[in-house]
Amino acid sequence: MSFVPFLQAAESTTAGFAMSVMPFVLIIIIFYFFIIRPQNKKQKETQKMLDALKKGDKVVTIGGIHGVISSVKEHSVIVKVDDNAKIEFNRSAISGVVTDKPVSAKEKNAEKTEEKAE
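A quick note: this is a predicted structure, and the numbers were derived from the prediction, not measured.

Caption draft 1: Just the overall build of the protein chain, in detail. Along the protein chain, the regular secondary structure elements total two helices and five strands. Going from the N terminus to the C terminus, the protein chain shows its helices and strands as α-β-β-β-β-β-α. In the protein chain, which comprises 118 residues, the proportion classed as buried is 15%. The long-range share in the protein chain, meaning contacts at least 24 apart out of those at least 6 apart in sequence, stands at 35%. A total accessible area of about 10,000 Å² is found for the protein chain, and carbon and sulfur atoms account for 62% of it.

Caption draft 2: Representation of the pairing of strand S3 (residues 76-80) in the model. Within S3, four of the five residues are buried, leaving the element largely enclosed by the surrounding structure. Pairing between strand S2 (residues 66-72) and S3: four bridges, direction antiparallel. Bridge pairing in S3 places Ser71 opposite Ile78. Hairpin remark: S2 followed by S3, antiparallel, with three residues in the connecting loop.

What counts and what doesn't
- Along each chain, residues carry numbers from 1 onward, in the same order as the chain's sequence is written.
- For a predicted model such as this one, the threshold for reporting local features is a pLDDT of at least 70, and the threshold for listing and counting side-chain atom pairs is 80 or more; totals across whole chains, interfaces and linings nevertheless cover every residue.
- Water and hydrogen atoms were dropped before computing side-chain values, which therefore reflect all heavy atoms in the structure.
- Put simply, DSSP marks the helices as runs of H or I at least four residues long and the strands as runs of E at least two long, and each gets a number from the N terminus on.
- When accessible area is computed with a 1.4 Å probe and restricted to protein chains, residues below 20% of their type maximum are described as buried, those above 50% as exposed, and intermediate ones as partly exposed.
- Any two residues whose heavy atoms approach within 4.5 Å are treated as being in contact.
- Accessible areas in this description were obtained via Shrake-Rupley with a 1.4 Å probe; residue shielding takes into account the shown protein chains only.
- Here, a strand pair is defined by DSSP locating no fewer than two bridges between the strands.

The analysis is restricted to geometry; functional conclusions fall outside its scope.
Here it is as C-alpha cells:
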C-alpha cells in the first residue's frame, strides 16, 4: 500500500485552502492601511488639537460658527462670537483652530497699488 497519493491529496487541499483564504487576508490588509490607520491618525491629531485649546484661540465649530475662546472648562469652551455674545460649546464641537497666514510682500504691494489706483 502506497501513501504517496494520500500525501498528494493532503498537499493539494492545504494549498487550495491557503489560496482561498489569501484574498480575505489581502482585503483585511488593504482596509487597515487605507481606512483604519489613517482614521486613527486623524482622530489622534483632532484629540491633540482639542486638548491644546486655550484662551484667545480663534476657532471654528462644526456648525460653522467663528469666534475666539474666552474661557476653557474641562469638557467645554466658551466662545466669544460678538462683543456681547458668548456661547458655550462642547470641546468635541470645535472643528479647528484658525491660523492667520502671514501676508507676503507681493500681496502687500498689490494691495497698495490697488489703493493708489482708487
